[in-house]
Amino acid sequence: MRILVTGASGLLGLNLALEASRQHTVYGTVKDHSLHTDAFNVLQADLTVPGAIERVLEQSQPDWVIHCAALAVLEACEADPVLAHQLNSEVPGKLAEHVARGGARLVHISTDAVFDGQRGGYSEADQPNPLSVYARSKLEGERAVALANPQAIVARVNLFGWSLGGKRSLAEWFYNNLSAGRQVMGFTDVFFCPLLANDLAWLLLLMLENGLSGLYHVVASDCTSKYAFGLALARRFGFDENLITPASVEQGGLQAARSPHLTLKADKLIAALGEKPPSIDAGLARFYSLFVDDYPARLHALAAGK
Ligand SMILES: NC(=O)c1ccc[n+]([C@@H]2O[C@H](COP(=O)([O-])OP(=O)(O)OC[C@H]3O[C@@H](n4cnc5c(N)ncnc54)[C@H](OP(=O)(O)O)[C@@H]3O)[C@@H](O)[C@H]2O)c1
């Protein structure tokens, strides 16, 4: 297949483009980053600029499009709600429209944060109630995609992994601090079900292969607190678990509102694919083995052009 991955310098997009390029011809868009890789074709594009979506579709002629580009930092969305709306709501809608017209299949990446996290255990049938600018803009993006392209897959995800700059995911944050012997807080009152970006990549490709469409929760088969996640990572890498102080998110001094119980059910996905997504522990085991294989350094080298 020919696959267009938007946001191929991002946490999900880069890992996805690299995983997909093992079996497919991949085109990946970047905006501010330059990427030097033989694994896939890099296209420079600011997708908010008129004509950019049409150009990257024309250049890549995709069978499948996986839209990962976003303003995905919550504080950046609070600081610039106009850009958040443009990038997280308008761009997905326009892309969905163009992809529908061209006949390719689309996966649009959304977030678990569309829920307020008061109850937890959310299925696709549950009513979202976004709390932040980011979450609201992502929910509008989901709706714009579904309207313009009802055949599209809208995947609500949460993820961790190794990134280009080494600082994008919670797992990297724990790794960077714990490996330097720094004390950190771990929230005991925020729950999530993150997948390793590389595992999420394979699930998204499997969903396309199986011809799925519509809204899916694509998360790990179990959930945990951010504190317990940090402890599990520390154990995996042999770091001192006492460096993680149990704390409440109230103590974190975060600007954007966080939803506490972002536990999502993946039952619809499991029924459609006939298999369970990996557990958090399985994801952390692969996160560790990628580290042992020097994968993070290989990612950093892509940015440096080594
Ligand atoms: N990370 C998480 O924990 C998480 C959790 C739930 C859902 N998600 C969702 O997963 C998806 C991927 O998130 P991520 O964490 O991988 O994102 P990320 O690491 O922040 O990467 C964002 C990507 O979007 C690109 N981008 C930004 N502005 C752009 C523009 N104007 N035009 C074109 N490209 C632009 C960036 O390109 P440059 O870097 O080259 O500028 C980068 O490749 C998003 O939809 C996000 O909402 C993420």
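A quick note: this is a predicted structure, and the numbers were derived from the prediction, not measured.

A. Representation of the overall build of the protein. Secondary structure assignment for the protein yields 11 helices and 13 strands. Its C-alpha atoms give the protein a radius of gyration of 18 Å, within 12% of the compact-globule value 19 Å for 306 residues. When the 306 residues of the protein are sorted by exposure, 53% land in the buried category. Sequence separation of at least 24 residues holds for 76% of the intrachain contacts in the protein that already meet a minimum separation of 6. Element-wise, carbon and sulfur atoms account for 50% of the exposed surface of the protein, whose accessible area totals about 12900 Å².

B. Summary view of the state of the cysteines. Applying the stated criterion to the full structure yields one disulfide. Covalently, Cys-193 is tied to Cys-223 through a disulfide, its sulfur atoms 2.3 Å apart. The sign of the 80° torsion about the S-S bond sets the Cys-193-Cys-223 disulfide as right-handed. Residue Cys-193 is found in the loop between β9 (191-192) and β10 (195-196), and its partner Cys-223 is found in the loop between β11 (214-218) and β12 (224-225); the two are separated by 30 residues along the sequence. Of the residues examined, Cys-223 reaches a relative accessible area of 35% and is grouped as partly exposed. Here Cys-68 stays unpaired: no disulfide links it, and the sulfur of Cys-77, its closest cysteine neighbor, is 16 Å away.

C. Representation of the environment of Ser-169 within the structure. By the element assignment, Ser-169 lies in the loop between β7 (159-160) and α6 (170-179). Relative accessible area serves as the criterion here: at 4%, Ser-169 is assigned to the buried category. Excluding residues that lie within four positions of it along the chain, Ser-169 makes contacts with Leu-11, Phe-160 and Gly-161. Among the polar contacts made by the side chain of Ser-169, one reaches the main-chain carbonyl oxygen of Gly-161 at a distance of 2.7 Å.

D. Seen up close, the sheet that holds strand β1 (residues 2-6). As summarised here, the arrangement of the seven strands in space is β3-β2-β1-β4-β5-β6-β11, forming an open sheet in which the pairing is parallel. The open sheet is flanked by β3 (41-44) and β11, the only strands paired with a single partner. Pairwise comparison of adjacent strand axes, ignoring direction, gives a mean angle of 20° for this sheet. Relative to strand β2 (residues 25-30), β1 runs parallel, the two sharing four bridges. What sits directly across from Val-5, in β2, is Gly-28. The strands touched by helix α7 (residues 197-209) are β1, β4 (64-67), β5 (105-111), β6 (153-157) and β11; relative to β4, the strand with the most contacts, the crossing angle is about 140°.

E. Region of interest: the nonpolar core. By size, the foremost hydrophobic cluster in this structure holds 100 residues, and its most contacted members are Ile-66, Ile-109, Leu-178, Met-207, Val-218, Leu-233 and Phe-287. When residues in this core are grouped by element, the largest group, eight residues, is from α7. Excluding residues that lie within four positions of it along the chain, Leu-233 makes contacts with Ala-171, Phe-174, Tyr-175, Leu-178, Phe-239, Leu-284 and Phe-287.

F. Just unusual backbone geometry, in detail. You will see that Gln-61, though not glycine, has its phi angle at about 45°, which is positive. Among the secondary structure elements, Gln-61 is positioned in the loop between α2 (52-60) and β4. Of note in the backbone geometry, Asp-294 takes a positive phi value of approximately 70° without being a glycine. Assignment of secondary structure puts Asp-294 in the loop between α10 (280-292) and α11 (295-304). Classification of Asp-294 by relative accessible area gives partly exposed; the value is 47%.

About the criteria used
Residues numbered from 1 in each chain as written. Predicted model: local features only at pLDDT ≥ 70, side-chain atom pairs only at ≥ 80, totals over all residues. Heavy atoms only, no water. Helix = DSSP H or I, 4+ residues; strand = E, 2+ residues; numbered from the N terminus. Rg over C-alpha atoms; globule rule 2.2 N^0.38 Å. Buried < 20%, exposed > 50% of the residue type's maximum accessible area, 1.4 Å probe, protein only. Contact = heavy atoms within 4.5 Å. Areas by Shrake-Rupley, 256 points an atom, 1.4 Å probe, with all protein chains shown as cover. Disulfide = S-S within 2.5 Å. Polar contact = N/O pair within 3.5 Å; in protein donor to acceptor, adjacent residues only side chain to side chain. Pairing = 2+ DSSP bridges. Axes fitted to C-alpha atoms, helices over the stretch in contact; angles between N-to-C directions. Core = buried A, V, L, I, M, F, W, Y, C linked by side-chain atoms within 4.5 Å.

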